[in-house]
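Examining the three-dimensional arrangement
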Amino acid sequence: LAAVDPRIGGVALFGRRGTCKTVMARGVHALLPAHRVVLGSTSNADPENERAWEAGLAARLRMEIAPIQTHVRRPTFVTLPLATTEDAVVGTIDVENSARLGSPVYDPGLLARAHRGVLYLDELNLLDEAVAACALAAVDAGVNKVEREGVSTSHACDALCIATWNPDEGELRPTVVDRFALCVSADEPPVDPTENRRSHASRGVAGRLARRRRGRA
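Residues numbered from 1 in each chain as written. Predicted model: local features only at pLDDT ≥ 70, side-chain atom pairs only at ≥ 80, totals over all residues. Heavy atoms only, no water.

1. Here we look at the overall build of the protein chain
- Scanning the protein chain from N- to C-terminus turns up 8 helices and 11 strands.
- Within the protein chain, buried positions represent 37% of all 217 residues.
- The contacts of the protein chain with a sequence gap of at least 6 include a subset with a gap of at least 24, amounting to 72%.
- Taken as a whole, the protein chain presents about 12,600 Å² of accessible surface, with 54% of it coming from carbon and sulfur. (Helix = DSSP H or I, 4+ residues; strand = E, 2+ residues; numbered from the N terminus. Buried < 20%, exposed > 50% of the residue type's maximum accessible area, 1.4 Å probe, protein only. Contact = heavy atoms within 4.5 Å. Areas by Shrake-Rupley, 256 points an atom, 1.4 Å probe, with all protein chains shown as cover.)

Right under this line is the structure:
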């Protein structure tokens, strides 16, 4: 479903270690068709949809005499590393070029690369909550708005968001899970991500009942 309609709202895969969650995520990516992008775009701009181009791209291309050049490429597969920062995700100031040009220059982040492709959040329950929330909010809105000192810009962020997590390594807040249209178990047989919590509670209740029986005996 996600490959047929990438705008479905994202897919969350949960399962224990060794259940090929990343393989399945890359399998969905492999089903996505190649598309045409504007050459020189930092966010894989669609030549047929100028309204969704990143800020400044249209003005820059109008200054060139040659017609707009495009090329066909596979959709990107962008992974959010566990140690990534919010600046790396949304973009930040390019210090070197800003110093050279004498004015702030925007350096696009991972969300720009993920536009029209796949944004992969591996081990979502271990990602920094603020970083994960920032990325998910941009994908939900379909646009990444960046406000930094001296820089105010935006670009489209129409990405298929795929997230994975292992319930054995920590729970995930229900509010985060609710951001995804599909939540699928990679285990066989399928398990509920709250299984560990319920099984611990069940063992606790069983233990208390057993102690009560022994006390009565």
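This is not the end of the story, as more comes after the structure.
2. Description of the packing of aromatic side chains
- In the structure shown here, the tally under the stated rule is 2 aromatic pairs.
- Both rings, one in phenylalanine 14 and one in tryptophan 165, keep their centres 5.3 Å apart while their planes meet at 35 degrees; by these two values the pair is tilted. Residue phenylalanine 14 is found in strand S1 (residues 11-14), and its partner tryptophan 165 is found in strand S10 (residues 160-165); the two are separated by 151 residues along the sequence.
- We classify phenylalanine 14 as buried; its relative accessible area is 4%. (Phe/Tyr/Trp six-rings, centres within 6.5 Å; stacked < 30°, edge-to-face > 60°.)

3. Considerations on the pairing of strand S8 (residues 143-148)
- With 6 bridges joining them, S8 and strand S9 (residues 151-156) adopt antiparallel strand pairing. Residue pairing for S9: asparagine 144 is matched across the bridge by histidine 155. (Pairing = 2+ DSSP bridges.)

4. Structural notes on the pattern of salt bridges
- Enumeration over the complete set of coordinates arrives at 6 salt bridges.
- The residue aspartate 168 makes a salt bridge to arginine 16 at a minimum N-O spacing of 3.5 Å. Separated by 152 residues along the polypeptide, aspartate 168 in the loop between S10 and helix H7 (174-177) and arginine 16 in the loop between S1 and helix H1 (21-31) bring together distant segments of the chain.
- Of the residues examined, aspartate 168 reaches a relative accessible area of 43% and is grouped as partly exposed.
- Between glutamate 129 and arginine 173 there is a salt bridge; the shortest N-O distance is 3.5 Å. With glutamate 129 in helix H6 (residues 129-141) and arginine 173 in the loop between S10 and H7, this residue pair connects regions lying 44 residues apart in the sequence. (Salt bridge = Lys/Arg side-chain N within 4 Å of Asp/Glu carboxyl O.)

5. Here we look at the layout of surface pockets
- In this model, the largest pocket occupies a volume close to 390 Å³.
- Forming the boundary of the largest pocket are 20 residues, of which Arg7, His35, His115, Arg116 and Asp158 lie nearest the centre.
- Residue composition of the lining of the largest pocket, grouped by class: 12 nonpolar, 4 polar and 4 charged. (1 Å grid on protein atoms, 1.4 Å probe; cavity = no way out; pocket = protein on both sides within 12 Å on 5 of 7 lines; lining within 4 Å. Points joined across faces, edges and corners; volume = space filled by probe spheres on them. Nonpolar A, V, L, I, M, F, W, Y, C, P; charged D, E, K, R; others polar.)

6. Some details on the nonpolar core
- One finds Leu80, Val89, Leu111, Leu119, Leu121, Leu124 and Phe180 to be the most contacted residues of the largest nonpolar core, which totals 30 residues.
- Where this core is concerned, the elements lending two or more residues are S1, helix H3 (86-90), helix H5 (110-114), strand S7 (118-121), H6 and S10.
- Counting residues in hydrophobic clusters, the runner-up holds 10 residues, among them Ala2, Val11, Phe77 and Val118. (Core = buried A, V, L, I, M, F, W, Y, C linked by side-chain atoms within 4.5 Å.)

7. Side note on the confidence of the model for the protein chain
- This prediction gives the protein chain a mean pLDDT of 83; 86% of its residues lie at or above 70.
- Overall, residues 196-212 carries pLDDT values under 50, and its contacts beyond four positions in sequence, including any with other chains, amount to 4 contacts. (pLDDT = per-residue confidence, 0-100.)

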